[in-house]
Amino acid sequence: MITFILDFDGTLGDTTDIIVKTMMQTIDTLNLPKRTREQCTAMIGLPLKQTFTELYPDFDHTVVDDATGDLCAETYRLLFDINNTPGAVPLFPGVMQTLRELHNRGAMLTIASSRASKTLVGYVKSLNLEDIITYIVAADNVTNAKPHAEPVLKTIADNNLRKEECIVVGDTRFDILMAHNAGVRAVGVTYGNGKREELEAAGAEYIIDDFGELLKLFDV
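Keep in mind it's a predicted model, so treat the numbers as computed, not measured.

(A) Highlighting the overall build of the protein. Along the protein, the regular secondary structure elements total 10 helices and 6 strands. Relative to the globule expectation of 17 Å for 220 residues, the C-alpha radius of gyration of the protein, 17 Å, shows essentially globular dimensions. Principal axes of the C-alpha set define a box for the protein whose edges measure 50 × 35 × 30 Å. The long-range fraction of contacts in the protein, counting pairs at least 24 apart against all pairs at least 6 apart in sequence, stands at 64%. For the protein, the centre of its 20 positive side-chain charges and the centre of its 32 negative side-chain charges are spaced 2 Å apart.

Here it is, written out as structure tokens:
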């Protein structure tokens, strides 16, 4: 049996617009230096606080220290709750059909995300994935988030899985690195927040342009 360990943001759910919008609103609210949409997008996949503490690598001083990072995360959550209206986050084209077909063929489907469990579980419910996603690891379920191996290793340990039968699927280098740190193969998707060259540089074993290609790649 193959187990797919799936990223959510940028892989299953099209969350880029709401994330970037909320990040830029947070920056404005706290009077931090402006960042472009591209610069904000590049941070997606990291734990929330870290998306802000690492957002200013081009500055010769610390723009967002630890305390400010906490304030950024708190402000972001408040603004995100306002922006997260019904229907704000759809699944990418073909995701639902592919997930259901993989499930019907006997694959185990799990999620490993840097998103907090509250909103992640909420999306799984609102997007009608509860009956096919059998296990979830959110940011607050682990000590070490992506690209650390812990989310994958926790999934394997809790479900008594074998590494060689697990496949991580994600849209950023953080997903690929997490997989490899755990000794697991990885599929990079190009339609999310990461670029093909970034996925290639991270060493993804497979790179696909459409989620449905998983059905052709693996004998499930």
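Okay, back to it.
(B) Fine view of the sheet that holds strand 5 (residues 185–189). Judged by pairing direction, the sheet is parallel, and its 6 strands sit side by side in the order 3-2-1-4-5-6 without closing on themselves. Bordering the open sheet on either side are strand 3 (133–137) and strand 6 (206–208), each of which pairs with just one other strand. With strand direction ignored, the average angle separating the axes of adjacent strands in the sheet is 25°. By the bridge criterion, 4 bridges tie strand 1 (residues 3–6) to strand 2 (residues 108–112) in an arrangement that is parallel. In the sheet register, F4 faces strand 2, and the bridge partner there is L109. Where helix 6 (residues 117–126) meets the sheet, it contacts strand 2 and strand 3, and its direction lies at approximately 165° from that of strand 3.

(C) Expanded view of the pairing of strand 5. For strand 5, the tally of buried residues reaches 4 of 5 residues, placing the bulk of the element in the interior. Alignment of strand 4 (residues 166–170) against strand 5, held across 4 bridges, turns out to be parallel. Directly across from V168, in strand 5, lies its bridge partner A186. Bridging between strand 5 and strand 6 involves 3 bridges; their strand directions are parallel. Directly across from G188, in strand 6, lies its bridge partner I207.

(D) Fine view of the environment of Q39. The topology assignment puts Q39 in helix 2 (residues 37–41). Along the sequence, Q39 and S113 sit 74 residues apart, while their C-alpha atoms lie 20 Å from each other. In this structure the side chain of Q39 is engaged in a polar contact, spanning 3.5 Å, whose partner is the side chain of R35.

(E) Expanded view of the nonpolar core. Ranked by internal contacts, the top residues of the largest apolar core, which has 51 residues, are F4, L6, L12, F52, L99, V169 and L214. It is helix 1 (residues 16–29) that contributes the most residues to this core, 5 residues altogether. Among residues more than four places away in sequence, those in contact with F4 are L102, A107, M108, L109, T110, I167, V169, L214, F218 and V220. In terms of nonpolar packing, the next biggest core, distinct from the first, is built from 21 residues, A112, V168, A182 and L199 among them.

(F) Structural context of the packing of aromatic side chains. As enumerated under the stated definition, the model contains 7 aromatic pairs in all. Summarising the aromatic geometry, the rings of F4 and F218 are spaced 5.7 Å apart at their centres and angled 75° between planes, so their arrangement reads as edge-to-face. Of this pair, F4 sits in strand 1 while F218 is found in the segment after helix 10 (214–217), placing the two residues 214 residues apart along the sequence. Summarising the aromatic geometry, the rings of Y206 and F218 are spaced 5.2 Å apart at their centres and angled 75° between planes, so their arrangement reads as edge-to-face. Pair noted here: Y206 is in strand 6 and F218 is in the segment after helix 10, with a separation of 12 residues, a long-range link. Taken together, F4, Y206 and F218 form an aromatic cluster joined through their ring pairs.

Criteria and cut-off values
- Residues numbered from 1 in each chain as written.
- Predicted model: local features only at pLDDT ≥ 70, side-chain atom pairs only at ≥ 80, totals over all residues.
- Heavy atoms only, no water.
- Helix = DSSP H or I, 4+ residues; strand = E, 2+ residues; numbered from the N terminus.
- Rg over C-alpha atoms; globule rule 2.2 N^0.38 Å.
- Contact = heavy atoms within 4.5 Å.
- Lys, Arg positive; Asp, Glu negative; His and termini not counted.
- Charge placed at Lys NZ, Arg CZ, Asp CG, Glu CD.
- Pairing = 2+ DSSP bridges.
- Axes fitted to C-alpha atoms, helices over the stretch in contact; angles between N-to-C directions.
- Buried < 20%, exposed > 50% of the residue type's maximum accessible area, 1.4 Å probe, protein only.
- Polar contact = N/O pair within 3.5 Å; in protein donor to acceptor, adjacent residues only side chain to side chain.
- Core = buried A, V, L, I, M, F, W, Y, C linked by side-chain atoms within 4.5 Å.
- Phe/Tyr/Trp six-rings, centres within 6.5 Å; stacked < 30°, edge-to-face > 60°.

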